[in-house]
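These are the residues of each chain, in order.
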Amino acid sequence: MKPGKVMLLALRDIAIGVALFLVVSRVGFWGLFLFSSGDVLRQNLLALVMATVMLGALILSPLIPIGFIINSTVRMVQYSDELQQRIFLYAIGFAAAATGLLTFAYGLLEFNGYPPLGMLNIISFMFILLFASLLYFKWRFR
Amino acid sequence: MKNLLKDLRGERGWSQAELAEKLGVSRQTVNAIETGKYDPSLPLAFKIAQLFEKKIEDIFSPELK
C-alpha cells in the first residue's frame, strides 16, 4: 500500500474517532441533563441507573477516539518501510524511557511537597515526547 | 557501509522518487541509503541488486575500492 493511501486511511480513522467522541460525549451530556432534571433521579431507580451508565459512557468516551488513533498508528507502522519502522521504534523507545525517567524524578519531588501529577498529564507528556522524538529521528535520517 | 546506489541510479536517469517507487520504499529511505545514514536490510539489498542486475557486493561494500 502506498504511503499516501496509508496516511489517508489513518486520517480517516482519526476523523471517525473525533466524530465518535463528539457524538458520545453529547449523548452523555444529554442523558445526564435529561435524567438529572427535576426529581426524576430521586423518584425513579431506572433513571438513576441509566444516568450512571451515561456518566460512565461520558467519562470513558475519550477511549473510543484514542482506540481509533492507536489503530491507525499501528496500521501506519505496519505499512511503512523498514527505515520508517526503525524511526518509529527509536522514537517510541526514547519517549517511553524519557517519560519513565522524568515521571520517576517528579515522583521523588512529590515526596518533598511538589503538587501531584495526574495520570492524564503523564500520557499527554508521553505523546508530546513521542511526536518530538519522531521529528528528531526523521531529521536525523534525512 | 558505502554503496554505489547514487551512481547506478544516475546512470539510469532515475530520480530518488522513481527508485523508491520501484523498490516499494519511501524516498527518504533511498536518500538515507545513498548518503550512508542507513544500511538496508538483506531483503532490500537483494531487491536493489536484482533491480540493477548486479551482485550485492558489487553495490555495497565496507569501503569503496
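Residues numbered from 1 in each chain as written. Chains lettered and ligands numbered in written order. Predicted model: local features only at pLDDT ≥ 70, side-chain atom pairs only at ≥ 80, totals over all residues. Heavy atoms only, no water.

**Q** Talk me through the confidence of the model for chain B; I want residue IDs and the actual numbers.
**A** Residue and element names in this part refer to chain B. Per-chain confidence: chain B averages 91 in pLDDT, with 95% of residues scoring 70 or above. Within chain B, strand β1 (residues 2–3) has the poorest average pLDDT of any element, 88, and helix α4 (residues 42–51) the best, 95. Across the predicted assembly, pTM comes out at 0.70 and ipTM at 0.84. (pLDDT = per-residue confidence, 0-100. Helix = DSSP H or I, 4+ residues; strand = E, 2+ residues; numbered from the N terminus.)

**Q** A description of the side chain of S26 of chain B should follow, citing residues and the corresponding values.
**A** With respect to the helices, strands and loops of the structure, S26 of chain B is situated in the loop between α2 (16–23) and α3 (27–34). Judged by its relative accessible area of 15%, S26 of chain B falls in the buried class. In terms of polar contacts, S26 of chain B uses its side chain to reach the side chain of Q84 of chain A, at 2.8 Å. Not counting the four nearest positions on each side in its chain, S26 of chain B is found in contact with D81 and Q84 of chain A together with A20 of chain B. (Buried < 20%, exposed > 50% of the residue type's maximum accessible area, 1.4 Å probe, protein only. Polar contact = N/O pair within 3.5 Å; in protein donor to acceptor, adjacent residues only side chain to side chain. Contact = heavy atoms within 4.5 Å.)

**Q** Break down the interface of chain A and chain B for me, with residues and values.
**A** Between chain A and chain B, the residue contacts involve 11 residues of the former and 12 residues of the latter. Applying the counting criterion to the chain A and chain B interface returns zero salt bridges. Our count for the chain A to chain B interface comes out at eight residue pairs in polar contact (both at pLDDT 80 or more). Of all the secondary-structure elements, those providing two or more residues to the side of chain A that touches chain B are α5 (82–111) and α6 (119–140) of chain A. The element contributing the most residues to the side of chain A that touches chain B is α5 of chain A, with five residues. (Salt bridge = Lys/Arg side-chain N within 4 Å of Asp/Glu carboxyl O.)

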